[in-house]
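Residues per chain are reported as follows:
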2 protein chains.
Amino acid sequence: MVQRASVLLIGNELLTGKIQDENLAFLAKELFALGITLDRARVVRDHVPSIAADLRELTTESDVVFTTGGVGPTHDDVTIEALSVFANRPLVRSSAIEELLARYFGAELGEAHLRLARIPEGAELLNGPEAAWPVLRVDRVYAFPGVPAAVRRSWPLVRERIRGERSFVGAAIFLSLDEFAIAKALDEVSGAFPAVAIGSYPRWGDPSYRTKVTFDGAERAEVDRALEAFRERIDPAGVVRVE
Amino acid sequence: MVQRASVLLIGNELLTGKIQDENLAFLAKELFALGITLDRARVVRDHVPSIAADLRELTTESDVVFTTGGVGPTHDDVTIEALSVFANRPLVRSSAIEELLARYFGAELGEAHLRLARIPEGAELLNGPEAAWPVLRVDRVYAFPGVPAAVRRSWPLVRERIRGERSFVGAAIFLSLDEFAIAKALDEVSGAFPAVAIGSYPRWGDPSYRTKVTFDGAERAEVDRALEAFRERIDPAGVVRVE
């Protein structure tokens, strides 16, 4: 069963500020909804040895690793090559991808397109009518393209594969109190409910509330009890709303 | 001279999708403008041993490490404690921060506020009238709060400290061509101009262009020559604009 995951975002553009990443927040939210703990994430340059080293480290501690980016036809797309180095499997030509490309490009199909058909030997392709491009699985690594729309479209294929029995449930309380006014209550409640993850997030420049406190856990009853215990310890006039 | 940097984003909320990070893209862009290479970034949970371990690894390979998040008065704010473990220095009370807090909170000042005055022994505070909160420097680590507005307000204090002589210059060309049509030209030009970093970014669902290609380097003349060499190798009718 998949319990722990990590994410590796690949691309120089994320480390030069040319692109605002959206894939981490998307994958994080989806994994959370599945009850899978996203332990950590990394952002790495388009550099084969660095990507392969990160994959080796992340797969040691996670049941699954998701990569985004570096899948494409240009010189800076090196994820497939890095997967080949990581898994120590040679690159071979995938006839399934070759067919996809031939259908799409017809007579224009050339060497630049066929670069996309290289996969590490034995890699699995997850494809479906909704996907913009197949997700490549090599061992416990799932490789997505970098374009957020493509990640969203392919995600259900992966989700159905890794979905387990667990899921997390959550509650959130919005307060007009600042974090100082609730720090003691948070200390007590987080100590009393170790199975509930409690987060506190100050909000700036929003007249509607000053602090949001979240409660997340595997059991609805336990989450509700933690929320109740917190409410008993704070000024009731400071509660804006509960979600 | 500061040449290589890394970023450590701290907070469970980033790994459960509750918050869309904005700090990495901001710091990446600012470092790029300073000619400092951001080698890698990581996202870690509010967990002291994990944060301390990441700091040890990142400081081994980077001249400076920037952290964001986990600076605050609640139970999930553990960055300062992790810095103390990382640097192997005890937490002491900062009289400078105590004064800040006393000025701000006056008679209301209590233990919850004073938690914010704990710093690793010997840590330096970078503060100024624009800053929402001082940046803490411990060895080669600079710790920012997590709120993006606070990072932006404090950044100039750090920038003036790490600014060197170098800076990067860049150019971008927007094309109606897809990546397949330019893959060969990119291979040739990136091989011929190793000092220029060339990136290729497909755009989906935008009628104005299909691919953006960026050229970045330390020398304006070299960047311009690489751009020219690229233009000579592609269909001129495919150029939408150059920036």
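Note that the coordinates shown come from a computational prediction; the quantities given were computed from them, not determined experimentally.

Novice: Would you mind going over the overall build of chain A with me for this structure?
Specialist: When you go through chain A residue by residue, the secondary structure sums to nine helices and 12 strands. Taking the principal axes of the C-alpha coordinates as reference, chain A spans close to 70 × 40 × 35 Å. The buried share of chain A, taken over its 243 residues, is 53%. Taking as baseline every contact in chain A between residues at least 6 positions apart, the subset at least 24 positions apart corresponds to 69%. Looking at chain A as shown, the accessible area adds up to about 10700 Å², and 48% of this sits on carbon and sulfur atoms. Separation between the mean location of the 29 positive side-chain charges and that of the 36 negative ones in chain A comes to 0 Å.

Novice: Explain the interface of chain A and chain B here, please?
Specialist: Where interface size is quoted, it is often the accessible area lost as the parts come together. Contacts between chain A and chain B engage 53 residues on the former and 53 residues on the latter. Across the interface of chain A and chain B, roughly 4500 Å² is buried in total on both sides, 62% from carbon and sulfur atoms. When the buried area of chain A at its contact with chain B is split by residue, H75, F180 and W204 of chain A rank highest and sum to 17% of it. Our enumeration of links across chain A and chain B arrives at two salt bridges. The partner of D216 of chain B in a salt bridge is K18 of chain A, and the shortest N-O contact between them spans 2.6 Å. Where chain A meets chain B, there are 12 residue pairs in polar contact (both at pLDDT 80 or more). Secondary-structure elements contributing two or more residues to the side of chain A that touches chain B are α1 (12–15), α2 (23–34), β2 (37–44), α6 (111–114), α7 (148–162), α8 (179–192), β10 (197–202) and β11 (211–217) of chain A. If one sorts the elements of the side of chain A that touches chain B by residue count, β2 of chain A sits on top with seven residues. When grouped by side-chain class, the residues that make up the side of chain A that touches chain B number 25 nonpolar, 11 polar and 17 charged. Two strands pair when backbone bridges link them, and β2 of chain A and strand β2 (residues 37–44) of chain B are joined in this way by five bridges, in the antiparallel orientation. From the neighbouring strand, V43 of chain A faces β2 of chain B, where its bridge partner is A41 of chain B.

Novice: Just to check I follow, could you spell out the nonpolar core for this structure?
Specialist: Side chains that are nonpolar tend, in soluble globular proteins, to be buried together. Core analysis: the biggest nonpolar cluster contains 52 residues, and F66, W155 and I162 of chain A together with F66, W155 and I162 of chain B have the highest contact counts within it. In terms of residue count, the dominant contributor to this core is α2 of chain A (six residues). With sequence-adjacent residues up to four places away left out, F66 of chain B is seen in contact with A5, S6, V7, L8, L27, L31, Y142, F144, W155, V158 and I162 of chain B. By size, the runner-up hydrophobic cluster in this structure holds 30 residues, among which are V78, A87 and A143 of chain A together with F180 of chain B.

Novice: Just to check I follow, could you spell out the side chain of D206 of chain B for this structure?
Specialist: All names here are of chain B. By secondary structure assignment, the location of D206 is in the loop between β10 (197–202) and β11 (211–217). Polar contacts involving the side chain of D206 include one to the side chain of R203, which spans 3.1 Å. Side chain to side chain, D206 and S208 meet in a polar contact 2.8 Å long.

Novice: Explanation requested: the packing of aromatic side chains in the structure shown.
Specialist: Centre distance and the angle of the planes are the two values used to describe a pair of aromatic rings. Within the structure shown, the criterion is met by 20 aromatic pairs over all chains. Residue placement shows K18 of chain B over the ring face of F32 of chain A; its charged tip is 4.5 Å from the ring centre. Across the ring face of F174 of chain B, the terminal group of R241 of chain B is positioned such that the distance to the ring centre comes to 3.9 Å.

Novice: What am I meant to see in the pairing of strand β9 (residues 169–175) of chain B here?
Specialist: All names here are of chain B. Along β9, five of the seven residues are buried, which leaves the element largely enclosed by surrounding structure. Pairing analysis gives seven bridges linking β9 to β11, with the strands arranged antiparallel. Its bridge partner lying in β11, I173 is registered against V213. Pairing between β9 and strand β12 (residues 239–242): three bridges, direction antiparallel. Opposite F174, over in β12, you have R241 as the bridge partner.

Novice: Help me understand the sheet that holds strand β12 (residues 239–242) of chain A, please; the structure alone is not making it clear to me.
Specialist: Sheet strands associate in pairs through backbone hydrogen bonding, adopting either a parallel or an antiparallel arrangement. Residue and element names in this part refer to chain A. Here four strands make up an open sheet; going across it, the order is β10-β11-β9-β12 and the pairing antiparallel. Each edge of the sheet is formed by a strand with only one pairing partner; in this case those strands are β10 and β12. On average, adjacent strands in this sheet sit at an angle of 20 degrees to one another, irrespective of strand direction. This element, helix α9 (residues 220–232), spans β9 (169–175), β11 and β12 of the sheet and lies at about 15 degrees to β9.

Novice: Quick question: what am I supposed to make of unusual backbone geometry here?
Specialist: Peptide bonds are, in most cases, trans, and in most cases residues other than glycine have a negative phi. All names here are of chain B. Phi at N88 is positive, roughly 55 degrees, even though this residue is not glycine. Relative to the assigned elements, N88 resides in the loop between α4 (79–87) and β4 (91–93). For N88, a relative accessible area of 70% corresponds to the exposed category. In the Ramachandran plot, D139 falls in the positive-phi region, its phi being about 50 degrees despite a non-glycine side chain. By the element assignment, D139 lies in the loop between β7 (135–138) and β8 (141–144). Residue class for D139 comes out partly exposed when judged on its relative accessible area of 37%.

Cut-offs used in this document
Residues numbered from 1 in each chain as written. Chains lettered and ligands numbered in written order. Predicted model: local features only at pLDDT ≥ 70, side-chain atom pairs only at ≥ 80, totals over all residues. Heavy atoms only, no water. Helix = DSSP H or I, 4+ residues; strand = E, 2+ residues; numbered from the N terminus. Buried < 20%, exposed > 50% of the residue type's maximum accessible area, 1.4 Å probe, protein only. Contact = heavy atoms within 4.5 Å. Areas by Shrake-Rupley, 256 points an atom, 1.4 Å probe, with all protein chains shown as cover. Lys, Arg positive; Asp, Glu negative; His and termini not counted. Charge placed at Lys NZ, Arg CZ, Asp CG, Glu CD. Buried area = accessible area lost by both parts, 1.4 Å probe. Salt bridge = Lys/Arg side-chain N within 4 Å of Asp/Glu carboxyl O. Polar contact = N/O pair within 3.5 Å; in protein donor to acceptor, adjacent residues only side chain to side chain. Nonpolar A, V, L, I, M, F, W, Y, C, P; charged D, E, K, R; others polar. Pairing = 2+ DSSP bridges. Core = buried A, V, L, I, M, F, W, Y, C linked by side-chain atoms within 4.5 Å. Phe/Tyr/Trp six-rings, centres within 6.5 Å; stacked < 30°, edge-to-face > 60°. Lys NZ or Arg CZ within 6 Å of the ring centre and 35° of its normal. Axes fitted to C-alpha atoms, helices over the stretch in contact; angles between N-to-C directions.

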